[in-house]
Amino acid sequence: VQMFVGVGAARVRDLFEQAKASRPAIIFIDEIDAVGKARGSGGPMGGNDEREQTINAMLAAMDGFTDSTGIIVVAATNRADTLDPALMRPGRFDRKIHVGAPELLGREAILAIHAAKVRLGPDADIRYVARRTAGMTGAFLANVVFEAAGLAARRGADSVSKVDLDEGVDRATIGAKRSLKLSDELKLRIARHESGHVLANLLNERPELRQPTNKVTIVPHGTGALGFAEMGSPEGDTYLYTKSQLEARLDHAMGGLVAERMYYGEWSTGPGSDLQYATRIARTMVQQLGMDDGLGFPQTGADPSDPFGRQPFCEAVGGQVHE
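A short tour of the structure in this document, coming up. Within each chain, residue numbers correspond to sequence positions counted from 1 in written order. Predicted model: local features are reported for residues with pLDDT of at least 70 only, side-chain atom pairs are reported and counted for 80 or more only, and whole-chain, interface and lining totals are derived from all residues. With hydrogens and water excluded, all non-hydrogen atoms of the structure serve as input to the side-chain values.

**Things to note about the overall build of the protein chain**
Broken down by element type, the protein chain carries 11 helices and 4 strands. Radius of gyration: C-alpha atoms only; globule rule: 2.2 Å multiplied by the number of residues to the exponent 0.38. For 323 residues, the compact-globule estimate of 2.2 N^0.38 gives 20 Å, and the protein chain exceeds it by more than 25% at 27 Å. By residue count, 36% of the 323 residues in the protein chain fall in the buried class. Working rule for contacts: check all heavy atoms of both residues, and any pair within 4.5 Å makes them a contact. Sequence-distant contacts in the protein chain: of pairs separated by 6 or more residues, those separated by 24 or more amount to 65%. A total of about 19800 Å² of accessible surface is found on the protein chain, and carbon and sulfur atoms cover 56% of it. Charged residues are defined here as Lys and Arg on the positive side and Asp and Glu on the negative side; His and the ends of the chain fall outside this count. Charge positions come from single atoms, namely NZ of Lys, CZ of Arg, CG of Asp or CD of Glu. Taking the average place of the 37 positive charges on the side chains of the protein chain and the average place of its 42 negative ones, the gap between the two points comes to 4 Å. Secondary structure counts use DSSP, requiring at least four H or I residues in a row for a helix and at least two E residues in a row for a strand, with both numbered from the N terminus. Categorising residues by exposure relies on relative accessible area from a 1.4 Å probe, with only protein chains included: less than 20% of the type maximum marks a residue as buried, more than 50% marks it as exposed, and the intermediate range marks it as partly exposed. The Shrake-Rupley method, run with a 1.4 Å probe, gives the accessible areas here. Residue values count only the displayed protein chains as cover.

The structure is reproduced here in structure tokens:
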């Protein structure tokens, strides 16, 4: 998209002429949402003649009436929902390939590629790192290895150890370690809090709901956490949760608060993020998943497509939801 109207369209036509001259050819357009946004989406005063002429030139070049045999057009975007519908018509960008976050084996393979660029110690466990990094993309995984290599270099080691990789994961998820002067009394409170999370998991009445503990620490980290307890699935990825599994997560979240209350008779501001996490799970169970016997199946949460966030039910039902 250029400063002057028509220049972008001319360059699109020139691009396809160059592709025709060197057929067979592949045209790859990265971040196509920059030019391919739905036309007329800016309102009566929000149009952009230059962008619209550029996308029109692209549509004309791809519509099949011109001789485009031997030319494949590929595009990438993180905002497929904003693209003009005409771009997605059969004969244009008619095949969609969703590239999501890799699962456990994919993460392990990606980590192996980046780990091949550094010297790993005998105790380095790529599978352990893959299990701890559920939901991370390739760029995050590369950063984990990069951070671990930097840590090993700073301490003068000749290889990357499991401890370095572990700290690399922490830096990529909750930030680097922080040097805070904490009293012994506060350290003990944090230790009891984090132990409460782990015990709430290990003491679950149903063994199949207990999760392996990846890491527990009372070392402060960059995001403001004074400590954390991380539990994970044995497989590293969980795609579906049962009601029992969600209730077990509520147990984990509340374990720190319960431990503080048992030892001190009250709790601190520490469980604030735990309560926020637990409330989000409970709200989803009741409002989205019908996991409350009293309310049953209706989804009582606000419709995401409603710009005003209006509740679809009356106030009486809203009161039941909150209760």
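**A word on the side chain of His252**
With respect to the helices and strands, His252 occurs in helix H9 (residues 243-264). Judged by its relative accessible area of 8%, His252 is buried. If we skip the residues at most four places from it in the chain, His252 touches His197, Ala200, Asn201, Gln211 and Met231.

**Describing the environment of Ala115**
Its location among the elements puts Ala115 in helix H4 (residues 104-115). A sequence separation of 33 residues divides Ala115 from Ala148, and the C-alpha atoms of the two residues are 9.9 Å apart. In contact with Ala115, other than residues within four places in its own chain, are Leu120, Ile126 and Val145.

**Observations regarding the nonpolar core**
The criterion is simple. A nonpolar core is a set of buried Ala, Val, Leu, Ile, Met, Phe, Trp, Tyr and Cys residues joined through side-chain atoms within 4.5 Å. Membership of the largest hydrophobic core comes to 21 residues, with the highest contact counts inside it found for Phe16, Ile27, Ile32, Met58, Val73 and Leu87. Secondary-structure elements contributing two or more residues to this core are helix H1 (7-21), strand E1 (25-29), helix H3 (49-62) and strand E2 (71-75). In terms of residue count, H3 provides more of this core than any other element does, 6 residues in total. Not counting residues up to four positions away in its chain, the partners in contact with Leu87 are Ile32, Gly36, Ile55, Met58, Leu59, Arg92 and Phe93. If you look at the next biggest cluster of nonpolar residues, it comprises 18 residues, including Leu111, Ala124, Val129 and Val169.

**Some points on the pattern of salt bridges**
By definition, a salt bridge exists where a carboxyl oxygen of Asp or Glu is found within 4 Å of a side-chain nitrogen of Lys or Arg. The tally for this structure, following the rule as stated, stands at 14 salt bridges. Among the ionic pairs, Lys20 bridges to Glu17, the shortest N-O distance being 3.8 Å. Residue Lys20 and its partner Glu17 are located together in helix H1, separated by 3 residues, close to a single helical turn. A relative accessible area of 24% means that Lys20 is categorised as partly exposed. In the salt-bridge network here, residues are joined through shared partners; they are Arg132, Asp166, Asp170, Lys215 and Glu230.

**Comments concerning the packing of H4 against helix H6 (residues 138-154)**
Working convention: axes come from line fits to C-alpha atoms, limited for helices to the stretch in contact. Angles between N-to-C directions cover 0 to 180 degrees. The contact between H4 and H6 brings their axes to 9 Å, and the two run at 45 degrees. Here H4 lies oblique to H6, going by the angle between them. Handedness of the H4/H6 crossing: right-handed. Between H4, through Arg107, Ile110, Leu111, His114 and Ala115, and H6, the contact on the second element is made entirely by Gly138, Leu141, Ala142 and Val145. In the contact of H4 with H6, the residues fall into 6 nonpolar, 2 polar and 1 charged. Throughout, the term roughly parallel applies to angles under 35 degrees, roughly antiparallel to angles over 145, roughly perpendicular to angles from 65 to 115, and oblique to all others. Should the near helix be turned anticlockwise from the far one by less than a right angle, the crossing is left-handed, and should it be turned clockwise, the crossing is right-handed. Each residue gets one of three labels, nonpolar for Ala, Val, Leu, Ile, Met, Phe, Trp, Tyr, Cys and Pro, charged for Asp, Glu, Lys and Arg, and polar for the others, Gly among them.

**Re the environment of Leu257**
Within the secondary structure, Leu257 sits in helix H9. Looking at Leu257, the relative accessible area reads 8%, which means it is buried. C-alpha separation for the pair Leu257 and Leu275, spaced 18 residues apart in sequence, amounts to 8.8 Å.

**Some points on H3**
Given 3.6 residues per helical turn, the α-helix brings residues three or four places apart onto the same face. The span expected for a helix works out to 1.5 Å for each residue beyond the first. In a regular helix each residue adds 1.5 Å, so 14 residues correspond to 20 Å; H3 covers 20 Å between its end C-alpha atoms and thus fits that length. For H3, every residue scored as buried is listed here: Glu50, Thr54, Ile55, Ala57, Met58, Leu59, Ala61 and Met62. Looking at the buried positions of H3, the neighbouring elements they touch are H1, E1, helix H2 (33-36) and E2.

**Some details on the pairing of E1**
Going residue by residue along E1, you find Ala25, Ile27 and Ile29 tucked away on one face and Ile26 and Phe28 left uncovered on the opposite face. In this description, strands pair whenever DSSP reports at least two bridges between them. In this sheet, E2 lies alongside E1 in parallel orientation, the contact comprising 5 bridges. Note that in E2 the partner of Ile26 across the bridge is Ile72.

**Thoughts on H1**
Compared with an ideal rise of 1.5 Å per residue, which puts 15 residues at 21 Å, H1 spans 21 Å between its outermost C-alpha atoms and is within 8% of the ideal. Within H1, burial applies to Gly8, Ala9, Val12, Phe16 and Ala19. Mapping the buried residues of H1 onto a view down its axis gives an arc of 105 degrees, with all of them on the same face. Facing away from the buried surface of H1 by more than 90 degrees, the exposed residues are Arg11 and Ala21. Taken from the helix axis, the directions to the C-beta atoms give the arc we talk about.

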